[in-house]
Amino acid sequence: MDMTFRHLEIFEAVVETGSFTKAAKKLFITQSAVSHAVHDLEDMTGAPLFDRLGKSVRITKTGELLLQEAEPILTASKALEVRLHTLEKNAPIHIACNITIANFYLPARLQAFSKAFPCISASVDVIPAATAIESLQRGKADLALVEGTAPQEPFSSKNMGAYALKAVCAPDYPLKERQLTLPQLCREKLLLREAGSAIRDTLDSQLYLAGCKAYPAWCSVNDSALLAAARAALGIAILPEAYVSEELKKQHLVELSIPDLVLENRMYAVWHRDKYLTKPLRALIEMCADIHQPSKKAKSFAPSPSATK
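Residues numbered from 1 in each chain as written. Predicted model: local features only at pLDDT ≥ 70, side-chain atom pairs only at ≥ 80, totals over all residues. Heavy atoms only, no water.

As for the environment of Ala91
Tracing the backbone through its elements, the reader meets Ala91 in the loop between helix H5 (87–90) and strand S3 (93–97). Assessed through its relative accessible area of 26%, Ala91 is described here as partly exposed. Sequence separation between Ala91 and Pro280 is 189 residues, and the spatial gap between their C-alpha atoms is 8.6 Å. (Helix = DSSP H or I, 4+ residues; strand = E, 2+ residues; numbered from the N terminus. Buried < 20%, exposed > 50% of the residue type's maximum accessible area, 1.4 Å probe, protein only.)

Thoughts on the environment of Thr202
Its place among the elements puts Thr202 in helix H10 (residues 198–209). Between the C-alpha atom of Thr202 and that of Leu263, which follows or precedes it by 61 residues, the distance is 8.7 Å. Leave out the neighbours within four places in its chain, and Thr202 touches Gly148, Glu264 and Asn265. A polar contact of 3.0 Å, which involves the side chain of Thr202, links it to the backbone oxygen of Ala198. Separated by 2.6 Å, the side chains of Thr202 and Asn265 make a polar contact. (Contact = heavy atoms within 4.5 Å. Polar contact = N/O pair within 3.5 Å; in protein donor to acceptor, adjacent residues only side chain to side chain.)

Here we look at the packing of aromatic side chains
Counting across every chain of the model gives five aromatic pairs. A ring pair is formed by Phe20 and Phe50, whose centres lie 6.2 Å apart and whose planes are at 80°; its orientation type is edge-to-face. Separated by 30 residues along the polypeptide, Phe20 in helix H2 (residues 20–27) and Phe50 in strand S1 (residues 50–53) bring together distant segments of the chain. As far as the burial class goes, Phe20 and Phe50 line up, both buried. Stacked on the ring of Tyr215, the Lys or Arg Lys213 has its end atom at 5.8 Å from the ring centre. (Phe/Tyr/Trp six-rings, centres within 6.5 Å; stacked < 30°, edge-to-face > 60°. Lys NZ or Arg CZ within 6 Å of the ring centre and 35° of its normal.)

Below is the structure:
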């Protein structure tokens, strides 16, 4: 015979009421069921838990020891029962996110999300797209915000729009013209993100279709390092517009035209198709899908006052 939570619940009711009959009425079960549960516990402890004194019962020393062990379990269970309907509203969310989205798009969305769902913690891993999808596959991440190409089965995704890329170099970098063909671009000193990054994959796939291949002079996981190298006239960098816009305004860098290159990177919110999406997680996905819009929708995701009581 294995002890169950029901055994402890019945035992506690007998202690509180001092009677098998009253315990049965309190729990809306038969007196026979109460007697059986107490007998089961006594068989397991090997000692009486109650002294039967006529129509009433009194807990024994062994019963008191059992009660001391059972009370924390019963108290925790009652507290959990009270919180059950609020658990979904408090479940933490783990996000795997690519670096450009993390730098320029995610913080404002998480700020709005935190105002709508103040009790939910959202943790973020800033990692490459392939690693983010692997994190989803293993169940470590609840949501991946990735750039490049939307993954296929077993994932679902929502389009988050796109951001522009710019091919840039220092004004004194030696170029005859600021418009390049793809073969001409590949002959230059290129300052590129690492292989496997979303930006690099976007570039490499377009070059491959055109029969070209990039052999970068610099390869980095850090956009700031490539930006510094471009400013130093060490080559041509292809970076998100948000990284280079100020440098272009200050004329520390100049933009190059490459007509045959589609200079943009698409963004997607991705989740495992078999994963249950909590209401807060669905709200976060909608906020991210609305990433190029102001965050004024945040209030509409907030739970009503009655729902938080």
